[in-house]
Amino acid sequence: MKRFLLFAFVLCLFSFDLPVNAAEPNPVEKSGWKLTFQDEFDRPLLNDLYWYAAYRTGQREYLKRTGADAHPNLGFYDNNALYKIEDGLLKLIIDETVPPRLKKTDLAVSCLTTSDHRFGKDRTEYQVLEKFAQKYGWFEIRCKSIKGDGLLAAFWLHQTDPTDQEFTLEGKKKQIGDGVVEIDIFEMLGREAAAGNNLFNVHFTKDGHYKYKMGFDPSEDFHTYAMEWQEGEINWYVDNKKVQTYKGDTPQKKMFILLALFHGRGWTGKVSENQTYPIVFEVDYVRVYQKEEGCSRDFRQRFC
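Reading guide: rules and limits
Residues numbered from 1 in each chain as written. Predicted model: local features only at pLDDT ≥ 70, side-chain atom pairs only at ≥ 80, totals over all residues. Heavy atoms only, no water. Phe/Tyr/Trp six-rings, centres within 6.5 Å; stacked < 30°, edge-to-face > 60°. Helix = DSSP H or I, 4+ residues; strand = E, 2+ residues; numbered from the N terminus. Buried < 20%, exposed > 50% of the residue type's maximum accessible area, 1.4 Å probe, protein only. Contact = heavy atoms within 4.5 Å. 1 Å grid on protein atoms, 1.4 Å probe; cavity = no way out; pocket = protein on both sides within 12 Å on 5 of 7 lines; lining within 4 Å. Points joined across faces, edges and corners; volume = space filled by probe spheres on them. Nonpolar A, V, L, I, M, F, W, Y, C, P; charged D, E, K, R; others polar.

Within this structure, the stated rule accounts for 18 aromatic pairs. Considering the side-chain rings of Phe 37 and Phe 132, the 4.8 Å spacing of their centres and the 40° angle between planes classify their relative orientation as tilted. One end of the pair, Phe 37, is in strand β1 (residues 33-39); the other, Phe 132, is in the loop between β6 (126-130) and β7 (137-144), with 95 residues separating them in the sequence. The exposure classification of Phe 37 matches that of Phe 132, with both residues buried. Aromatic side chains Trp 138 and Tyr 237 sit 4.7 Å apart centroid to centroid with 40° between the ring planes, which places their arrangement in the tilted category. Separated by 99 residues along the polypeptide, Trp 138 in strand β7 and Tyr 237 in strand β13 (residues 233-238) bring together distant segments of the chain. Tyr 237 shares its class with Trp 138; the two are buried.

The subject of this paragraph is helix α2 (residues 57-66). With seven of ten residues buried, α2 lies mostly within the body of the structure. Residues of α2 that are buried: Thr 57, Gly 58, Gln 59, Arg 60, Tyr 62, Leu 63 and Thr 66. The elements touched by buried residues of α2 are β5 (115-119). Where α2 terminates, the next one or two residues include Gly 67, which has phi positive at roughly 85°.

Moving on to empty space enclosed by the protein. Scanning the entire structure with this criterion turns up three cavities of 30 Å³ or more. For the largest cavity, the calculated volume is near 90 Å³. Around the largest cavity, the lining residues are Gln 59, Tyr 62, His 117, Phe 119, Pro 162, Thr 163, Gln 165, Phe 167, Thr 168 and Leu 169. Grouping the amino acids of the lining of the largest cavity by side-chain chemistry returns five nonpolar, five polar and no charged. If you trace the second largest cavity, you find it lined by Arg 56, Gln 59, Thr 113, Ser 115, Asp 116, His 117, Thr 160, Gln 165 and Phe 256. The dominant element in the lining of the second largest cavity, judged by the number of residues it contributes, is β5, at three residues.

Quick look at the structure:
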């Protein structure tokens, strides 16, 4: 009887959406929201109905074609992700020699995305390879970040149409005023983990860039990070607490998810020769929601 009462009490806590401990996972059900994407990484293989295990291969091939070889994304590195799933966790990994690179400290990335694209014979023909994308909503992750010079863990959104991303059809990088193309739910520099710094961004806008001091080292434990996107406003949350608000221009089309571990990517700094490998970015789950109100028939079919 006591066990039954204890179970009922715990069930009530989750049913009423009460706050949970910072390092504990949130309940899946979210009052007022409809779950549209969920991966708990509780199966031994990556779910290829959801993810591409590579970093923006369509963009890389296209930029090569335009001659934009100076961009840091076009260095000698392998797009394919090194990862494994075990104990209910996705682990994005960079090891000492994998993904392959010329030197141990060179650029490397392990990334999962929910959309990609391919260009045809000319610069105007392209195919969007979308597995999941959504306009507006709540995007949430529970993860443990990384620590070390030259490292970056990131969870962010891009628009599925390649012509609405950060490069023009000629391979030129866009500037402020060319339209909002990216939302960073978080970017965590490994060199700033001990300081507890988290970066939030809305690219390309003048004022949509923030550094937030979380009060803990994100590489030491699991925490929950979320972003609510609506027309003209974006709110960021850390462990269920709203910590930053942006008001201004927001993307006008649906966006796809990117989840990545970067190593030696220019502005992130140089990787130390004494870096310990493997570097592991651990993810417990990724969930996306849409507000129940205004959930039209078109949304149910195409996620806006």
